[in-house]
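Below, each chain spelled out in residue letters.
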Amino acid sequence: MCQHRDSDTATHANVSSPAGDDPLTQALHGQLLDDSFDTALYATLCDGHCHPHDDRDQLDAIGVLQTGRVTLMGVRQDDWPVVEKLHTTNPQKCVPCFGIHPWFVYRLQLPDCEAEDGKQHYEHVLTSRDDDEKCHLITQLKPPIPFSSWYTELRAILERHPHALLGEVGLDRAARLLPGGAIEWHGVAPTQVSCTIEHQYSVLQQQLLLAIELDRAVSVHCVQSQGHILQLLSWVKQHRPPQPLRVCIHSFGGKPQTIQQWLHVKSCTVYISFSMAINARLGWPKLCQLIQAVPDDRLLIESDVNSPEGLDKAVAHMAILVARAKEWTVERAVTQTNANWHAFTQWQEN
């Protein structure tokens, strides 16, 4: 899930585009598709991680996207019904995912803390360098959600959809709450208040236990938390899942040499995914190295966009960049990432 800031858009818009630019810069200026992408390939494209349903005014446009599969991330309880309805309306194109994103887990109570009132809960799970700001924010927040409520609802919706994924879930040590607990990031300055990594970790444990029990793939958000996520995935082996837990680290932006750590986690099969929305900021040399460091059968592509507008181009551009980095044809990049997406999701075709 990406935070779209006006400054990011301005940076991309102001980049000059001289002849001979690297393929990433060309993609940012829309210069790759005309020459490099056969439109017949769109039906085979799989967007491994996206949020087009955030744009409530364009929900009807999702069903007519050219991209063959869009993996819709439900990130909060109030988000899940929208994802569920889109899947019901477009059962093969719209692949449902349900989970609670680390930006929103501060409201969730854990099994041993349901007796706490709202003030006690938020005092425990929130931290800030500015105590006055934290105390004021706590008075503005909605009541916490009991474990028996959110966990039961998450289990129920996953069980209603036997092939749905768990996602988007994860850890984020950089995220800050917005004033009043708002969820809209556009143009709103965050506070200095954050959810403790300990609480995020415990909530993620509970969600992963569901994924293990129900044998679901997991789409993971990881910001400044690689060590914690690796530790948690290593913890999975204690629960002896009958099949390896399938995990995608979405919009991966770490170092190329750390990819091997993810690939060798026991009891997990880890996939690495890249997006224009997040990974373009790395620059082509680093992004190219990262793509090359991922084994062919563990590589996924995504858009991570918050609207159907531009989704098709974002995924197609990412397929072209994979082809350039791997020295493949674009067709191979599309078919390989399609096969990888099916292995990751285990999506059942009608």
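If you're wondering where the values come from, they're calculated on a predicted model, not measured in any experiment.

Okay, unusual backbone geometry next. The peptide bond linking Gly167 to Glu168 adopts the cis configuration, its omega dihedral lying at 10°. The residue Glu168 is located in strand β5 (residues 165–172) in this model. A positive phi angle is found at Asp304, which is not glycine, with a value near 55°. Relative to the assigned elements, Asp304 resides in the loop between β10 (299–302) and α14 (311–326).

The end-to-end C-alpha distance of helix α9 (residues 197–214) is 26 Å, a good match for the 26 Å that 18 residues give at a rise of 1.5 Å each. The first or second residue beyond α9 is Asp215, which carries a positive phi of 55°.

Moving on to the state of the cysteines. On inspection of all chains with the given rule, the structure shows zero disulfides. Free cysteine: Cys50, not disulfide-bonded; nearest cysteine sulfur from Cys94 at 8.2 Å. Free cysteine: Cys195, not disulfide-bonded; nearest cysteine sulfur from Cys113 at 12 Å. You can call Cys195 buried: its relative accessible area is 9%.

On to empty space enclosed by the protein. A full pass over the atoms with the stated rule returns two cavities of 30 Å³ or more. Quantified by volume, the largest cavity comes out at close to 130 Å³. The wall of the largest cavity is formed by 15 residues, among which Trp103, Tyr106, Arg176, Leu177 and Trp185 lie closest to the centre. Here the lining of the largest cavity is composed, by residue class, of eleven nonpolar, two polar and two charged. Approximately 40 Å³ is the volume found for the second largest cavity. If you go around the second largest cavity, the residues you meet are Ala211, Ile212, Asp215, Pro241, Pro242, Gln243 and Leu245. In terms of residue class, the lining of the second largest cavity is built from five nonpolar, one polar and one charged.

With respect to the helices and strands, Ser275 occurs in strand β9 (residues 268–275). Using a relative accessible area of 1% as the deciding quantity, one classes Ser275 as buried. In this structure, Ser275 is in contact with Ser251, Ala280, Glu302, Ser303, Asp304 and Met318, ignoring residues within four places of it in sequence.

This brings us to the sheet that holds β5. Ordered by their spatial adjacency, eight strands build an open sheet running β1-β2-β3-β5-β7-β8-β9-β10, and the pairing between neighbours is parallel. Unpaired on one side and paired on the other, β1 (46–50) and β10 mark the two borders of the sheet. In this sheet, adjacent strand axes meet at a mean angle of 30° when their direction is disregarded. With respect to the sheet, α9 is in contact with β5, β7 (218–223) and β8 (245–249), its orientation differing from that of β5 by roughly 160°.

For the rest of this paragraph, the subject is the packing of aromatic side chains. Tallying each qualifying case throughout the model produces seven aromatic pairs. For the pair Tyr271 and Phe344, a centre-to-centre distance of 5.5 Å together with 55° between the ring planes defines the contact as tilted. In this pair, Tyr271 sits in strand β9 while Phe344 sits in helix α15 (residues 330–345), placing the two residues 73 residues apart along the sequence. Between the NZ or CZ atom of Arg76 and the centre of the ring of Phe104, over which it lies, the distance is 5.0 Å. Its guanidinium or amino end placed over the ring of Tyr271, Arg298 lies 6.0 Å from that ring's centre, counting from NZ or CZ.

Cut-offs used in this document
Residues numbered from 1 in each chain as written. Predicted model: local features only at pLDDT ≥ 70, side-chain atom pairs only at ≥ 80, totals over all residues. Heavy atoms only, no water. Helix = DSSP H or I, 4+ residues; strand = E, 2+ residues; numbered from the N terminus. Expected span 1.5 Å × (residues − 1). Disulfide = S-S within 2.5 Å. Buried < 20%, exposed > 50% of the residue type's maximum accessible area, 1.4 Å probe, protein only. 1 Å grid on protein atoms, 1.4 Å probe; cavity = no way out; pocket = protein on both sides within 12 Å on 5 of 7 lines; lining within 4 Å. Points joined across faces, edges and corners; volume = space filled by probe spheres on them. Nonpolar A, V, L, I, M, F, W, Y, C, P; charged D, E, K, R; others polar. Contact = heavy atoms within 4.5 Å. Pairing = 2+ DSSP bridges. Axes fitted to C-alpha atoms, helices over the stretch in contact; angles between N-to-C directions. Phe/Tyr/Trp six-rings, centres within 6.5 Å; stacked < 30°, edge-to-face > 60°. Lys NZ or Arg CZ within 6 Å of the ring centre and 35° of its normal.

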